[in-house]
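So the chains spell out like this:
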Amino acid sequence: MFDLKAFVMKTLKEMAKNEAAYKVNRYALGWFEKEVLTVEDLAVIDGLTAIEPEEKEETENENIS
């Protein structure tokens, strides 16, 4: 049987690699509102889209150059 939640989570994990965090979060919230995802799932997604301080600093330095 098809597992919608697993499909959505897989999609979100792939999106997190290529899309801006706000897009991933917006998509996740849509599935949360439909009660497919849980608060725990949103926490996982938040962890995937979080920018580490070192990465953020490197990105900011690249923009200055």
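Bear in mind the structure is a predicted one, so any value in this text is a computation, not a measurement. (Residues numbered from 1 in each chain as written. Predicted model: local features only at pLDDT ≥ 70, side-chain atom pairs only at ≥ 80, totals over all residues. Heavy atoms only, no water.)

*Asks:* Describe the packing of aromatic side chains, naming the residues involved and giving the relevant values.
*Replies:* What the rule picks out here adds up to two aromatic pairs. Taken together, a centroid distance of 5.6 Å and an interplanar angle of 50° make the contact between phenylalanine 2 and phenylalanine 7 tilted. Since its relative accessible area comes to 43%, phenylalanine 7 is described here as partly exposed. With 6.4 Å between their ring centres and 70° between their planes, tyrosine 27 and tryptophan 31 make a pair best called edge-to-face. On the criterion of helical spacing, the pair formed by tyrosine 27 and tryptophan 31 is a turn pair, its members being four residues apart in helix H2 (residues 21–33). Exposure remark for tyrosine 27: the relative accessible area of 30% places this residue in the partly exposed category. Overall, the relative accessible area of 18% leaves tryptophan 31 in the buried class. Positioned above the aromatic ring of tryptophan 31 is the side chain of lysine 34, whose terminal nitrogen or guanidinium carbon lies 4.7 Å from the ring centre. (Phe/Tyr/Trp six-rings, centres within 6.5 Å; stacked < 30°, edge-to-face > 60°. Buried < 20%, exposed > 50% of the residue type's maximum accessible area, 1.4 Å probe, protein only. Helix = DSSP H or I, 4+ residues; strand = E, 2+ residues; numbered from the N terminus. Lys NZ or Arg CZ within 6 Å of the ring centre and 35° of its normal.)

*Asks:* Summarise helix H3 (residues 39–49); cite the residues concerned and give the values.
*Replies:* Along H3, the residues classified as buried are Asp41, Leu42, Ile45 and Thr49. The arc that holds the buried residues of H3, viewed along the axis, is 100°, so those residues lie on one side. Residues Val39, Glu40 and Gly47 are exposed on H3 and point more than 90 degrees away from its buried face. (Arc of directions from axis to C-beta.)

*Asks:* With reference to specific residues and values, describe a nonpolar patch on the surface.
*Replies:* The grouping of Phe2, Leu4 and Phe7 at the surface amounts to a nonpolar patch, some 320 Å² of accessible area in total. Looking at the secondary structure, you find leucine 4 in helix H1 (residues 4–18). By relative accessible area, which is 35% here, leucine 4 ends up partly exposed. (Patch = residues over 30% accessible without salt bridge, like charges linked within 9 Å, V, L, I, M, F, W, Y side chains within 5 Å. Areas by Shrake-Rupley, 256 points an atom, 1.4 Å probe, with all protein chains shown as cover. Salt bridge = Lys/Arg side-chain N within 4 Å of Asp/Glu carboxyl O.)

*Asks:* Can you lay out the pattern of salt bridges for me, pointing to particular residues and giving the numbers?
*Replies:* With the rule as written, the count across this model stands at three salt bridges. Across the salt bridge formed by lysine 5 and aspartate 41, the nearest N and O atoms sit 3.1 Å from each other. Note that lysine 5 is positioned in helix H1 and aspartate 41 in helix H3, a separation of 36 residues in sequence. Look at lysine 5 and you get partly exposed, because its relative accessible area is 33%. For aspartate 41, a relative accessible area of 9% gives the class buried.

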